[in-house]
Amino acid sequence: MVIQPKIRGFICTNAHPNGCAAHVQEQIDYIKRQGKITGAPQRVLVIGCSTGYGLASRITAAFGAGAKTLGVCFEKEPTERKTATAGWYNTAAFHDAAHAEGLYAHSINGDAFSDEIKAETIAKIKADLGQVDLVIYSLASPKRKDPETGEVYSSTLKPVGRAYTTKTYDTDKDQVKEITLEPANEEEIANTVKVMGGEDWERWLTALDDAGVLAENAKTTAYTYIGKELTWPIYGHATIGKAKEDLDRAAAAIRGDHRQLNVEAYVSSLKALVTQASSAIPVMPLYISLIYGVMKEEGTHEGCIEQIYRLFTEGLYAADPTMDGAGRLRMDAKETNEATQAKVKALWDQVNQENFHQLADYEEYHADFLKLFGFGMAGVDYDADVDPQVDWS
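All figures in this text were calculated on a predicted structure; none of them were measured in a lab.

A. How the structure looks around the overall build of the protein chain. Secondary structure summary: the protein chain contains 13 helices and 13 strands in total. For 393 residues, the compact-globule formula gives about 21 Å, and the C-alpha radius of gyration of the protein chain, at 20 Å, lands near that figure. The principal-axis extent of the C-alpha atoms belonging to the protein chain is close to 60 × 50 × 45 Å. Residue burial in the protein chain is summarised as follows: out of 393 residues, 54% are buried. Residue pairs at least 24 apart in sequence account for 77% of intrachain contacts in the protein chain once pairs closer than 6 positions are excluded. When the accessible surface of the protein chain is split by element, carbon and sulfur atoms take 48% of a total near 16,600 Å².

So this is what it looks like as structure tokens:
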């Protein structure tokens, strides 16, 4: 079939296998140009491995350190008439590239929140790796089924305490407009923490330790976004923020519960980027479009792969990592410093429907959005007939 992007609202409902492969290769090539990462792990588990920061983490570990990588994701397979999800094609491309260079790569497709997938993952570690010495937790999901009770919890994107009115950009209608978000109630806050907080991260580490597959001196990190004043009402002072606070609690709990192995657990704060998750969050398309332009002008703009390379070399495996007072690894300083934020704030105050495309770098935002699904990649013939049925062999 000939595959062209089908965009509905803030998502693309299809993906291009060749374009996804090209996007994966682009990130692999970047890591190879940086040279070998010294002191990095050799047996890596990435929970949420198929897109965004999770995929970048797997690429960095494999092609920057020669690590064996085991990934967990939840992706839809292709059929004769429908494409797979982008994450499926990304994973297939990663497998092909890793195996071509003699690197171990295996992926498990299923609900990472479930005890069944945890058990399957542990069995694979025992069979192929023995133990893991780095666990990346990079899940983004709107729902979570509690494996103990069977109850399904849904997350909510709402402010906490009071209603919040702000500007946003409607990508579907190409419109800058005001939006008012009503405050979350206590149940919505608790449910969001259940889905996006640290409980499942803790469960993974406990399951790995109990099974004897967590190595001594292992490291683990979960990813978060903290942001600054413009995004605090929807991130920091919101349901997502409450969930992110729970990650800090979980990191401390993991260090305490697994101290006999000297496990190091960190929350890593990364910069705002176009991801399938951030595209759905009010405010973020407008904010990201503005921050992209400012950071490109400053020469500080980074994508997922650049951020994660620095996380490995300046954070997780650095002698003197950059941390904040809460013990988080901070890779977001190029975005959140006062000078950069002041420039963004000035643009935010000015931007409206008439001047949006002059003040914001929406062209870059949209290009990055399409890349998530394998579209807009140089060298890919999007008019060619391609087979959507790609496997993970």
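B. Expanded view of a positive patch on the surface. There is a patch of like positive charges on the surface, built from Lys6, Lys76, Arg81 and Lys82. If you trace the backbone, Lys76 turns up in the loop between strand 4 (68–73) and helix 3 (86–100). Residue Lys76 is classed as partly exposed on the basis of its relative accessible area, which comes to 44%.

C. Broad picture of unusual backbone geometry. For Asp174, which is not a glycine, the phi torsion comes out positive at approximately 50°. Looking at the element boundaries, Asp174 is found in the loop between strand 9 (164–170) and strand 10 (175–181). We note that Asn217 has phi near 65°; this positive angle belongs to a residue other than glycine.

D. Layout of the pattern of salt bridges. With the rule as written, the count across this model stands at 27 salt bridges. For the salt bridge of Glu338 with Lys228, the shortest nitrogen-to-oxygen distance reads 3.0 Å. Pair noted here: Glu338 is in helix 11 (residues 338–350) and Lys228 is in the loop between strand 11 (214–224) and helix 7 (239–257), with a separation of 110 residues, a long-range link. Classification of Glu338 by relative accessible area gives exposed; the value is 58%. In this structure, Asp324 engages Arg328 in a salt bridge whose closest nitrogen and oxygen atoms are separated by 2.9 Å. According to the relative accessible area criterion, Arg328 is buried, its value standing at 18%. Through salt bridges with shared partners, a single network forms among Asp248, Asp324, Arg328, Arg330 and Asp332.

E. How the structure looks around the packing of aromatic side chains. One pass over the structure, following the stated rule, counts 11 aromatic pairs. Grouped by ring-pair contacts, the aromatic residues Tyr169, Phe356, Tyr362 and Tyr365 constitute a single cluster.

F. The arrangement of the pairing of strand 5 (residues 105–109) in detail. Bridge count between strand 4 and strand 5: five bridges; the pairing is parallel. Directly across from Thr69, in strand 5, lies its bridge partner Ala105. Read as a crossover between parallel neighbours, the route from strand 4 over helix 3 to strand 5 is right-handed.

G. Here's a closer look at the sheet that holds strand 3 (residues 43–47). Pairing within the open sheet is parallel, and its seven strands lie in the order 5-4-3-6-11-12-13. This sheet does not close on itself; its edge strands, each paired only once, are strand 5 and strand 13 (329–330). In this structure, strand 3 lies alongside strand 6 (residues 132–137), joined through four bridges in parallel fashion. Residue pairing for strand 6: Val44 is matched across the bridge by Leu134. Packed onto the sheet, helix 2 (residues 52–65) meets strand 3, strand 4, strand 5, strand 6 and strand 11 and runs at close to 165° relative to strand 4. In the packing of helix 9 (residues 304–316) onto the sheet, the strands contacted are strand 6, strand 11, strand 12 (264–269) and strand 13, and the crossing angle to strand 11 comes to about 130°.

H. Quick look at the nonpolar core. Counting residues in hydrophobic clusters, the biggest one holds 90 residues, and the most contacted among them are Ile59, Phe63 and Tyr287. Tallying contributions element by element places helix 8 (residues 284–298) first for this core, with nine residues. Filtering out sequence-adjacent residues up to four positions away, Tyr287 remains in contact with Tyr225, Leu230, Thr231, Ala272, Glu335, Gln341, Val344 and Trp348. If you look at the next biggest cluster of nonpolar residues, it comprises 30 residues, including Ile47, Val132, Trp201 and Ala251.

I. Structural detail: helix 1 (residues 17–34). Taking 1.5 Å of rise per residue, the 18 residues of helix 1 would be expected to cover 26 Å, and the 27 Å separating its terminal C-alpha atoms lies within 8% of that figure. For helix 1, the full list of buried residues reads Pro17, Gly19, Cys20, His23, Val24, Gln27, Ile28, Tyr30 and Ile31. Check the buried side of helix 1 and you find it contacts helix 2, helix 3, helix 9 and helix 13 (362–371). Remark: Gly35 follows helix 1 within two positions and exhibits a positive phi of approximately 90°.

J. Geometry of the side chain of Thr121. Along the chain, the position of Thr121 falls in helix 4 (residues 115–129). Looking at Thr121, its side chain comes within polar contact range of the main-chain oxygen of Ile117, at 2.7 Å. Ignoring sequence-local partners within four residues, the contact set of Thr121 consists of Leu45, Leu70, Val72, Ile108 and Trp204.

What counts as what
Residues numbered from 1 in each chain as written. Predicted model: local features only at pLDDT ≥ 70, side-chain atom pairs only at ≥ 80, totals over all residues. Heavy atoms only, no water. Helix = DSSP H or I, 4+ residues; strand = E, 2+ residues; numbered from the N terminus. Rg over C-alpha atoms; globule rule 2.2 N^0.38 Å. Buried < 20%, exposed > 50% of the residue type's maximum accessible area, 1.4 Å probe, protein only. Contact = heavy atoms within 4.5 Å. Areas by Shrake-Rupley, 256 points an atom, 1.4 Å probe, with all protein chains shown as cover. Patch = residues over 30% accessible without salt bridge, like charges linked within 9 Å, V, L, I, M, F, W, Y side chains within 5 Å. Salt bridge = Lys/Arg side-chain N within 4 Å of Asp/Glu carboxyl O. Lys, Arg positive; Asp, Glu negative; His and termini not counted. Charge placed at Lys NZ, Arg CZ, Asp CG, Glu CD. Phe/Tyr/Trp six-rings, centres within 6.5 Å; stacked < 30°, edge-to-face > 60°. Pairing = 2+ DSSP bridges. Right-handed = clockwise from strand over helix to strand, strands pointing away. Axes fitted to C-alpha atoms, helices over the stretch in contact; angles between N-to-C directions. Core = buried A, V, L, I, M, F, W, Y, C linked by side-chain atoms within 4.5 Å. Expected span 1.5 Å × (residues − 1). Polar contact = N/O pair within 3.5 Å; in protein donor to acceptor, adjacent residues only side chain to side chain.

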